Amino acid sequence: MAGQAVAPLADDTPRPGLMVFYGGTFDPVHNGHLAIARHAAQELQVPVRLMPAADPPHKDLLGADASQRAAMLVLAAAGDPLLEVDQRELRRAERQPGVPSWSVDTLRELRAEHGPDQPLALLMGADSLLGLPTWHEWEHLLGLAHIVVAERPGSLLDGSLPEVLAEHLQGSWADTPAQLQMAPAGRVLRLRQPLYGESATQVRRLIAEGGNWQPLVPAAVAGYILAQGLYGARATS
């Protein structure tokens with residue numbers, strides 16, 4: 001497979017536990033994000049690490065900044081053994097201001113940190129998988145980690161994949177979560193689940209319009225948004 005640089009583990013090699021990372025802007029984190037992460041954690045029997053993306057360089061912020069988005073994630077994950085927050089992309093942006101925070105660089109950092117035998121997985125939605133060929137150095141992602149796809153039944157993955165993506169993923173599909181433990185990288189697992197309909201864009205719009213947005217986010221996150229006045233929030237909304 002193109003870009004697959006990490007070899008499978010030998011049958012007699014002790015296998016470290018799978019580590020799963022779920023990246024995104026989380027602007028703001030909402031119940032749909034958390035449903036995806038918790039379902040994956042339950043199916044894979046490991047915590048999911050939520051990774052907020054750094055602020056893009058040379059671009060005006062439309063919502064919360066990176067520190068605020070990370071603070072909301074910490075509030076959302078507090079007390080939940082299925083969830084953790086990993087702020088490595090924010091720390092890297094502080095060390096390298098103005099440098100884009102590419103997913104492939106994050107995976108390279110994780111691979112260097114945890115070694116060649118550690119099973120790593122990147123959790124994403126079906127729409128993100130379909131858009132993978134637009135990602136920076138996307139051909140190298142499967143050589144660094146597995147991909148876990150959260151999707152609704154009847155999703156676009158049930159149709160014909162773009163030719164370049166189908167060719168790249170050929171022979172990579174996993175049938176069970178256990179297969180992700182058998183190699184450090186290189187497999188794609190589909191997790192069917194009921195997904196929430198809201199998006200971060202819709203949540204921001206409801207907040208700005210004074211709509212009924214608070215049920216769409218954890219209570220602690222709603223309190224933070226109100227206290228910070230994010231997205232045009234008003235205390236009376």
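Residues numbered from 1 in each chain as written. Predicted model: local features only at pLDDT ≥ 70, side-chain atom pairs only at ≥ 80, totals over all residues. Heavy atoms only, no water.

Some thoughts on the overall build of the protein chain
Then, number 1: The helix and strand inventory of the protein chain stands at nine helices and seven strands.
Then, number 2: Looking at the protein chain residue by residue over its 237 residues, the buried ones come to 46%.
Then, number 3: For the protein chain, long-range pairs separated by at least 24 residues make up 75% of all intrachain contacts whose partners lie at least 6 apart in sequence.
Then, number 4: With an accessible surface of roughly 11300 Å², the protein chain has 52% of that area assigned to carbon and sulfur atoms. (Helix = DSSP H or I, 4+ residues; strand = E, 2+ residues; numbered from the N terminus. Buried < 20%, exposed > 50% of the residue type's maximum accessible area, 1.4 Å probe, protein only. Contact = heavy atoms within 4.5 Å. Areas by Shrake-Rupley, 256 points an atom, 1.4 Å probe, with all protein chains shown as cover.)

Concerning the side chain of H39
Then, number 1: Within the fold, H39 resides in helix α1 (residues 31-44).
Then, number 2: Among all residues touching H39, those that are not within four sequence positions of it are L191, R192 and Q193.

Details of the packing of helix α2 (residues 66-77) against helix α9 (residues 219-228)
Then, number 1: Packing of α2 against α9 brings their axes to within 8 Å, and their N-to-C directions diverge by 150°. In terms of axis orientation, α2 runs roughly antiparallel to α9. With respect to the hand of their crossing, α2 and α9 are arranged in right-handed fashion. Along the contact surface, α2 presents Q68, A71, M72, L75 and A76, while α9 presents A220, V221, Y224, I225 and Q228. (Axes fitted to C-alpha atoms, helices over the stretch in contact; angles between N-to-C directions. Parallel < 35°, antiparallel > 145°, perpendicular 65-115°, else oblique. Left-handed = near helix turned anticlockwise from the far one by under 90°.)

Digging into the sheet that holds strand β2 (residues 48-52)
Then, number 1: Strand order in the open sheet formed by seven strands is β3-β2-β1-β4-β5-β7-β6, with parallel pairing between adjacent strands. For this open sheet the edge positions go to β3 (83-85) and β6 (173-174), each flanked by a neighbour on one side alone.
Then, number 2: When strand β1 (residues 19-24) meets strand β4 (residues 120-125), the two strands line up parallel, connected through four bridges. Bridging from a neighbouring strand, Y22 pairs with L123 of β4. (Pairing = 2+ DSSP bridges.)

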